[in-house]
Amino acid sequence: MVADCARMAVELKVNRFQGVPAMISDYECAYACSWAAKRLGMQVEPDTELGQLKEIVLSQEEQLAGGDETDQSLLALIKPYHIQGTSGEGISELIRVGMEA
């Protein structure tokens, strides 16, 4: 497991420098979007569809862009990510966790 985490971390960093977004899954997107929503003072239900959640967060793009380094980093992750269509309990759980971050 440690080897897998280290491998993925290096690959993500390499891809990031090549212009590839650092997020690799809808699960990460669910957490990032819900955490951003919380930082924006929004309430999001865990059963919110991921595409809708991303749209809600990006509707406040200017506020995130003008925020602190965390807000700007979240925006940099969320904005270029293309949702793959994953749904289910795992996505809902990560939305809930992000709202509690």
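Notes on the structure in this doc start here. (Residues numbered from 1 in each chain as written. Predicted model: local features only at pLDDT ≥ 70, side-chain atom pairs only at ≥ 80, totals over all residues. Heavy atoms only, no water.)

## Remarks on the nonpolar core
In this structure, Leu53, Val57 and Ile78 are the most contacted members of the largest nonpolar core, which totals 21 residues. Mapped by element, the contributors of at least two residues to this core are helix 2 (26-39), helix 3 (50-58), helix 5 (69-78) and helix 6 (89-100). Ranked by the residues each element gives to this core, the list is headed by helix 2, at 6 residues. Ignoring sequence-local partners within four residues, the contact set of isoleucine 78 consists of Met23, Ala32, Cys33, Ala36, Lys54, Val57 and Leu58. (Core = buried A, V, L, I, M, F, W, Y, C linked by side-chain atoms within 4.5 Å. Buried < 20%, exposed > 50% of the residue type's maximum accessible area, 1.4 Å probe, protein only. Helix = DSSP H or I, 4+ residues; strand = E, 2+ residues; numbered from the N terminus. Contact = heavy atoms within 4.5 Å.)

## Describing the pattern of salt bridges
Tallied over the entire structure, the rule returns 5 salt bridges. One salt bridge connects aspartate 68 with arginine 39, and the closest N-O pair in it is separated by 2.8 Å. Here aspartate 68, found in the loop between helix 4 (61-65) and helix 5, pairs with arginine 39, found in helix 2; they are 29 residues apart in sequence, far enough to count as distant. On the basis of relative accessibility, which here comes to 42%, the residue aspartate 68 falls in the partly exposed class. Put simply, glutamate 93 and arginine 96 hold a salt bridge, and the shortest N to O gap is 2.3 Å. (Salt bridge = Lys/Arg side-chain N within 4 Å of Asp/Glu carboxyl O.)

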